[in-house]
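Listed below, chain by chain, are the residues.
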Amino acid sequence: MVQCEQFTTPVDAVISRMRALDSALPARDGLAVFNRVYLAVTEAVDRHIDRGRFLDARAAITLDVRFAERYLAAVDAAADERRPPACWRPLFQFRHHPGVRPLQFALAGINAHIGHDLALAVVDTCRTLGCEPADVEDEFDRVGDLLVSLEERIREDLMPGPDVLQIADPLTHLLGAWSLERARDATWTAARALWALRRLPEVAEEFTDRLDAAVGLAGRMLLTPLPD
C-alpha cells in the first residue's frame, strides 16, 4: 500500500474552481446542474479524507485530484472552443436545450465522468504514485460508494414530483436504462485493461478512443429531449 506521509495536493483548489463555476453559471445550464452534483461529491470525499476514512489518504487525494482534473480540462476545452472528449460533447451541446430535464444533465455528466474519466484517472494515479491499480482499489471502491449514496439524493432532489413522473413518462424508462453501479464496475475493468496496455501505446490509445466514443453515445441517449 502507498503511504501518505507529508503529502499534499490541490484538493482545495479543485473545490474552489467548482465553486467558481457554480457561481458563474446560470442555474438551469446543464453544465451547472452537473457541476453542483460533482461539487457535492468532491466535498464529501474531502471530508472523508479529513476524517481519516480512507485507508490510504495519499492515494485517495491523488485519485480525487486526477479525477477532477479530467472534468475541468473538458470545461476549459469547451470554453476555449476546442473539442472536449467525445464523452463530454453531448452535455456541452445540449446544456441549454429546453427539452432536457435537470436529472438528465446530472446523469449525463456522471456517465461521462465515471464511464471515461475515472478509468483514466486510475491510470494517472498509478503513474503518479508508482503503484498498481490493485493498490488503489480500496480508494476507488470508497469513492464509488460515496457516488452511489449521493446518486440516490440526486434522484430525489432532481426527480419530478409523483404527479409528474408516471410510468408512461419517458424519463422513467430512461432512468432505468442506466446504472451507476454497472458503470463503476465497467470502469474498474477498463482501468485495469488500460494499465495492462501501457506498454502498447497505440493499442491503449485505440482502446481509450473507443471507450470515449461509447460513453459519449450513452450520454447522447441520456440527453434525449423529452416532452413536458
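Only a predicted model underlies this, so the values are computations on that prediction, with no experimental measurement involved. (Residues numbered from 1 in each chain as written. Predicted model: local features only at pLDDT ≥ 70, side-chain atom pairs only at ≥ 80, totals over all residues. Heavy atoms only, no water.)

1. Describing the overall build of the protein
Then comes step 1: Summing up its helical and strand segments, the protein has nine helices and zero strands in all.
Then comes step 2: When the helices and strands of the protein are listed from N to C terminus, the series reads α-α-α-α-α-α-α-α-α.
Then comes step 3: The buried share of the protein, reckoned over its 228 residues, is 51%.
Then comes step 4: Considering only residue pairs separated by 6 or more positions, the protein has 79% of its internal contacts joining residues 24 or more positions apart.
Then comes step 5: Surface accessibility of the protein: about 11,400 Å² in total, with carbon and sulfur atoms responsible for 52%. (Helix = DSSP H or I, 4+ residues; strand = E, 2+ residues; numbered from the N terminus. Buried < 20%, exposed > 50% of the residue type's maximum accessible area, 1.4 Å probe, protein only. Contact = heavy atoms within 4.5 Å. Areas by Shrake-Rupley, 256 points an atom, 1.4 Å probe, with all protein chains shown as cover.)

2. Some points on the packing of helix α3 (residues 57-79) against helix α5 (residues 102-129)
Then comes step 1: In contact at an axis separation of 8 Å, α3 and α5 are set at 130 degrees when each is read in the N-to-C sense. Classified by the interaxial angle, the pair formed by α3 and α5 is oblique. Note that α3 runs across α5; the crossing there is right-handed. On α5, the residues that touch Arg 58, Ala 59, Thr 62, Leu 63, Arg 66, Phe 67, Ala 68, Arg 70 and Tyr 71 of α3 are His 113, Ile 114, Asp 117, Leu 118, Leu 120, Ala 121, Val 122, Asp 124, Thr 125, Thr 128 and Leu 129.
Then comes step 2: For the contact of α3 with α5, the class distribution of residues is 11 nonpolar, four polar and five charged. (Axes fitted to C-alpha atoms, helices over the stretch in contact; angles between N-to-C directions. Parallel < 35°, antiparallel > 145°, perpendicular 65-115°, else oblique. Left-handed = near helix turned anticlockwise from the far one by under 90°. Nonpolar A, V, L, I, M, F, W, Y, C, P; charged D, E, K, R; others polar.)

3. Quick notes on the layout of surface pockets
Then comes step 1: The computed volume of the largest pocket comes to approximately 190 Å³.
Then comes step 2: Where the lining of the largest pocket is concerned, the elements lending two or more residues are α5, α8 (180-196) and α9 (201-222).
Then comes step 3: A total of six residues in the lining of the largest pocket trace back to one element, the largest contributor, which is α8.
Then comes step 4: Split by residue class, the lining of the largest pocket holds eight nonpolar, four polar and one charged. (1 Å grid on protein atoms, 1.4 Å probe; cavity = no way out; pocket = protein on both sides within 12 Å on 5 of 7 lines; lining within 4 Å. Points joined across faces, edges and corners; volume = space filled by probe spheres on them.)

4. Concerning empty space enclosed by the protein
Then comes step 1: Summed over all chains, the structure comprises two cavities of 30 Å³ or more.
Then comes step 2: Those elements giving two or more residues to the lining of the largest cavity turn out to be α2 (30-50), α5 and α6 (137-158).
Then comes step 3: By residue class, the composition of the lining of the largest cavity is 11 nonpolar, one polar and one charged.
Then comes step 4: Of the voids in this model, the second largest cavity is the one considered here, and its volume is about 70 Å³.

5. Description of α2
Then comes step 1: When the terminal C-alpha atoms of α2 are compared, their 31 Å separation across 21 residues agrees well with the 30 Å that a helix rising 1.5 Å per residue should span.
Then comes step 2: Of all 21 residues in α2, 16 are buried, a share of seventy percent or more.
Then comes step 3: Its side-chain oxygen placed 2.7 Å from the backbone nitrogen of Leu 31, Asp 29 serves as the N-cap of α2.
Then comes step 4: Where α2 terminates, the next one or two residues include Gly 52, which has phi positive at roughly 70 degrees. (Expected span 1.5 Å × (residues − 1). Polar contact = N/O pair within 3.5 Å; in protein donor to acceptor, adjacent residues only side chain to side chain.)

6. Considerations on the packing of α5 against α9
Then comes step 1: Two numbers describe how α5 lies on α9: the axes approach to 9 Å, and their chain directions differ by 170 degrees. Between α5 and α9, the angle falls in the class roughly antiparallel. Between α5 and α9, the contacting residues are Gln 104, Leu 107, Ala 108, Asn 111, Ala 112, Gly 115, His 116, Ala 119 and Leu 120 on the first element and Thr 208, Leu 211, Asp 212, Val 215, Ala 218, Gly 219 and Leu 222 on the second.
Then comes step 2: When its residues are assigned to classes, the contact of α5 with α9 shows nine nonpolar, six polar and one charged.

7. Here we look at α8
Structural remark: α-helix, 3.6 residues per turn; residues separated by three or four positions point the same way.
Then comes step 1: The first and last C-alpha atoms of α8 sit 24 Å apart over 17 residues, in line with the 24 Å expected at 1.5 Å per residue.
Then comes step 2: Along α8, the positions that sit buried rather than exposed are Leu 180, Ala 183, Arg 184, Thr 187, Trp 188, Ala 190, Ala 191, Leu 194 and Trp 195. All buried residues of α8 fall inside an arc of 165 degrees around its axis, so they share one side. For α8, the exposed residues set more than 90 degrees away from the buried face come down to Arg 182, Asp 185, Thr 189, Arg 192 and Ala 196.
Then comes step 3: Where α8 begins, one side-chain oxygen reaches toward the backbone nitrogen of Glu 181, 3.4 Å away; that side chain belongs to Ser 179. (Arc of directions from axis to C-beta.)

8. Points about a negative patch on the surface
Then comes step 1: A contiguous patch of negative charge, built from Glu 137, Asp 138, Asp 141, Glu 152, Glu 181 and Asp 185, is present on the exposed surface.
Then comes step 2: Every element with two or more residues in the negative patch is listed here: α6 and α8.
Then comes step 3: The element contributing the most residues to the negative patch is α6, with four residues.
Then comes step 4: In this fold, Asp 138 is placed in helix α6. (Patch = residues over 30% accessible without salt bridge, like charges linked within 9 Å, V, L, I, M, F, W, Y side chains within 5 Å. Salt bridge = Lys/Arg side-chain N within 4 Å of Asp/Glu carboxyl O. Lys, Arg positive; Asp, Glu negative; His and termini not counted. Charge placed at Lys NZ, Arg CZ, Asp CG, Glu CD.)

9. Details of the pattern of salt bridges
Then comes step 1: Taken as a whole, this structure holds eight salt bridges when the rule is applied.
Then comes step 2: Residue Glu 69 is joined to Arg 66 by a salt bridge in which the shortest nitrogen-to-oxygen separation is 3.4 Å. Of this pair, Glu 69 and Arg 66 both sit in helix α3, three residues apart, which is roughly one turn of the helix.
Then comes step 3: You can call Glu 69 partly exposed: its relative accessible area is 36%.
Then comes step 4: Taking relative accessible area as the criterion, Arg 66 reaches 22% and is therefore assigned partly exposed.
Then comes step 5: For the salt bridge of Arg 70 with Asp 124, the shortest nitrogen-to-oxygen distance reads 2.9 Å. One end of the pair, Arg 70, is in helix α3; the other, Asp 124, is in helix α5, and 54 residues separate them in sequence.

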